[in-house]
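Per-entry structural report
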Amino acid sequence: MHNSIQAQNGIKSVPGKRRLTDIRPKYRLFFMAVPFLALVFLFSYLPLYGWMYAFYNFRPGIPLAQTDFVGLQWFKSIFSNPTQTGEVLRVMRNTVAMSSLNIAASVLPVIFAIFLSEMRSARFKKSVQILTTLPNFISWVLVYSFAFMLFSVDNGLVNQILMNLGFIDRGINFLASDSHTWLRMASWDLWKGLGWGAILYMAAIAGIDQELYEAARVDGAGRFRSIWHITVPGIMPTYFVLLLLTIANFINNGIEQYFVFQNAINKSNIEVLDLYVYNTGLIGSNFSFATAVSMLKSVISVALLFFANSLSKIVRGESII
Amino acid sequence: MLKKQSAGDAVFHTVNYFVFAVIALLCIFPFYYLFINTISNNDLSSRGFITFFPKEIHFSNYAQVLHIPGFGQAGLVSLGRTVIGTAFAVCGAAFLGFLFTKQEMWGRKFWYRYIIVTMYFNAGIIPWYITMRNLHLTNNFLAYILPAIVSPFFVILVKTFVESLPAALQESAQIDGAGYWVIFTRIVFPLITPIVATIAIFSAVGQWNSFTDTLFLMTDQKLYTLQFVLYKYMNEASSLAAIVRNSSGGQGLDLANLQTPTSIRTTVSMIVVLPILLIYPYFQRFFVKGIMIGAVKG
C-alpha cells in the first residue's frame, strides 16, 4: 500500500538523496514493529513497576499512595521472622526437589528415543510416537480429572483392581495423601511429557549418518556398542541445549500442575514458589510479602539464565538467548 | 538386512516391543477409560464397576450435562478465545518474525533480545496481576487475546523459517518496487504456511487448555472457560448432579442414566478433551517439523 509507494519513491530517488533511502527503511521497519514491542512492554516489562509493592505495606483496596513505605522490611522478614523463614525454606525445598526430579527424569526421553529408533517397524515406531505424544496436548486440569478417575478412593480403577485381586480390603486414598508427593508430581510430569520430549531426540537420531553404523558393524560392534559410541554422542548436543534451558528455568516450575493437585493434606509438600506466591498474595491478600518473595525468585532466575548462557558459550561457543 | 537374526537380537526386539506397547497403552488408556465411563450405566460407573469395557451403553449424559448452568457459556468463551486468540497470535508472530529477518531494521538485535528475554524472565504473578488490573483487563475478554499476540517462541519459529527461504525471492520483489508490507503479504506469507500451520496448532491448543489466566483474572462467571469450569465441577460434582437431576425433571430416567458426581465429572472431562482428540490426528504431522525448526535456535 503506501509503504510500497514509499519504497518505489526510494528506489527512483536521485543519487544525491541516497542517504534518505538508506535511513528511512530502517525506521520504517522499526515503526512497523512498534505496536508489538508495545504489547511486550505492557505485559512483560510494565509489571516490573509492581515490584514497588514489595517496599510498601500494601493492602488490597487502599491506594498505594496512602500506604506506608516500609523499605526492606518484607525482605528482612524473610530472613529474620522464623515463621516466614521456615515457610520460604519449605517452599524452596519443594521447588528445588521437583525441579531436580525433572532434571533427573530428562534422560528418560533420551533413552526412550534411542530404544524406539532401534525398532525396525516404521509403522510401530510411528504409532508409539503418536500415542505417547497425545498426553502433552491436554491440560493439567484434565490430568487431574484422570487422576481422580483412576485413583479416587471409592470408585477409582486402581483401588477396584487392587481390591478385586485381594491386595487390600479398603480403598487407599491416593489423592488426599501426602506420601511421595514430589515423586507423584514428577510421575505425572513424565506421563505427560515423555513422548513429546523424545520427538527432538528421534529427529536428532534420524539425522545421524547411517554409514557410521555400517562401519561400526563391519568393525564388529554390537548393537549396544553402536548406541554408546554413535547414537549417544550424536544426540548429546541436543540434550545439552535442552538441559541448559531446563537449568535456566530451574525455579520457574509453573503453577498449574501444583495448583490443581493441591489439597489441605499435601499442601506443605506441593507448594512450589509460584504457588506459594499465589496462595499468600492473591488468596491470603498479603500482597507486599508475596511480591518480595517473587522478586527474589526473579533475581535468582536471571542469575540462573546468565549461568546457563555462559555455560553454553563456554561449551558450545553459542549463546542460548 | 538379510543377515540372520541372532538370539540376542530376537530377545532385544521382543523386550523392546513389549516395553513400548506398555508405555503406549499407559498413555492412551486414561482416555479410553474416561470415554467408557461416560457411556456406561451411571449407577455402575459411580460405584466403580466399569473397568475395561463399557456396560449398558447410553449417550444421554452428553445431553444432560448441557443443563449445568453456565456450561454452554463457558464453551462459547473457550471457543471464542481459541479462534480469535489464534488468529491474532498467528498474524502477530508471522509479521514480527518477518520484520526481524530484516537486517536493516533499527536496533534489530536489541529488540529481538528484548522479546526473547521474556521467555525466561517475568516480574512475577502479583506484579503481573496488579498490572492487568490497572489496565482494566481483569474480568475482560481481551485479557485472553492481547497477551497472546506476541509469543517469543512463535517469533523465533517464523524468523528461523523465513531466514531459510531463498533471499532472491524477496530481493527480486524489492527491485520491482514492492514495500515491506507487499513483500510480506504477497511473497513471504504464502511461503511460510507450514510454519504458520504449526503455530496455529500450538496456539489453539494453548488457548483451549489455558487455565491460570482465568484463575488469576476472572471473577465474572460469564468469562469462565471450559477448563476452569471443569476444575470447579471436579469439586462441586455432587451438587451439580442434583441440579441436573431436577432440571431434567426425571422424565423416564432411571438409575442407569440419572446424573451422579462421577458421570458429571467424566462427561464434562470428555467434552473438554474431545476437540483435542478430534484434531490431533491431523496436526500431529505438523509439530515434529515445528519443534525441529524451533530447536535450531532454542
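Reading guide: rules and limits
Residues numbered from 1 in each chain as written. Chains lettered and ligands numbered in written order. Predicted model: local features only at pLDDT ≥ 70, side-chain atom pairs only at ≥ 80, totals over all residues. Heavy atoms only, no water. Helix = DSSP H or I, 4+ residues; strand = E, 2+ residues; numbered from the N terminus. Buried < 20%, exposed > 50% of the residue type's maximum accessible area, 1.4 Å probe, protein only. Contact = heavy atoms within 4.5 Å. Areas by Shrake-Rupley, 256 points an atom, 1.4 Å probe, with all protein chains shown as cover. Patch = residues over 30% accessible without salt bridge, like charges linked within 9 Å, V, L, I, M, F, W, Y side chains within 5 Å. Salt bridge = Lys/Arg side-chain N within 4 Å of Asp/Glu carboxyl O. Domains from an automatic or database assignment. Buried area = accessible area lost by both parts, 1.4 Å probe. Polar contact = N/O pair within 3.5 Å; in protein donor to acceptor, adjacent residues only side chain to side chain. Nonpolar A, V, L, I, M, F, W, Y, C, P; charged D, E, K, R; others polar.

Time to look at the overall build of chain B. Looking only at helices and strands, chain B has 14 helices and 0 strands in total. From first element to last, N terminus to C terminus, chain B shows the α and β order α-α-α-α-α-α-α-α-α-α-α-α-α-α. A total of 298 residues make up chain B; the buried ones form 55% of that total. Residue pairs in contact within chain B that sit at least 24 positions apart in sequence constitute 72% of those at least 6 positions apart. When the accessible area of chain B is evaluated, it comes to approximately 13200 Å², of which 68% is carbon and sulfur surface.

Its identity is not glycine, yet His136 of chain B carries a phi of approximately 60°, on the positive side. Within the secondary structure, His136 of chain B sits in the loop between helix H6 (125-134) and helix H7 (142-145).

Taken together, the side chains of Val11, Val15, Phe18, Val19, Val22 and Leu26 of chain B present a nonpolar region at the surface, about 550 Å² in accessible area. Tracing the backbone through its elements, the reader meets Val15 of chain B in helix H1 (residues 7-39).

Another point: the domain arrangement of chain B. Residues and elements named next belong to chain B. Entries for chain B in the domain assignment read domain 1 (7-68 + 224-296) and domain 2 (71-221). Here domain 1 and domain 2 have C-alpha centroids that lie 31 Å from each other. Regarding the contact of domain 1 and domain 2, the summed buried area is about 2300 Å², with carbon and sulfur atoms giving 77% of it. For the pair domain 1 and domain 2, the number of links is 0 salt bridges. Taken together, the links from domain 1 to domain 2 amount to 6 residue pairs in polar contact (both at pLDDT 80 or more). Here the side of domain 1 that touches domain 2 gets 13 residues from one element, more than from any other, and that element is helix H14 (residues 261-296). Taken together, the residues of the side of domain 1 that touches domain 2 sort by class into 19 nonpolar, 4 polar and 1 charged.

Between side chains of opposite charge, pairing is possible as soon as their charged atoms come close. One pass over the full model with this rule turns up 7 salt bridges over all chains. The residue Glu271 of chain A makes a salt bridge to Arg90 of chain A at a minimum N-O spacing of 2.8 Å. Of this pair, Glu271 of chain A sits in the loop between helix H13 (267-270) and helix H14 (273-283) while Arg90 of chain A is found in helix H4 (residues 82-105), placing the two residues 181 residues apart along the sequence. Judged by relative accessible area, Glu271 of chain A falls into the buried class, the value being 3%. Across the salt bridge formed by Asp9 of chain B and Arg223 of chain A, the nearest N and O atoms sit 2.7 Å from each other. Separated into two different chains, Asp9 of chain B in helix H1 and Arg223 of chain A in helix H11 (residues 223-248) make up a pair that spans both. On the basis of relative accessible area, Asp9 of chain B is assigned to the partly exposed category, the value being 23%. Overlapping salt bridges, with partners in common, bring together Glu87, Arg90 and Glu271 of chain A in one network.

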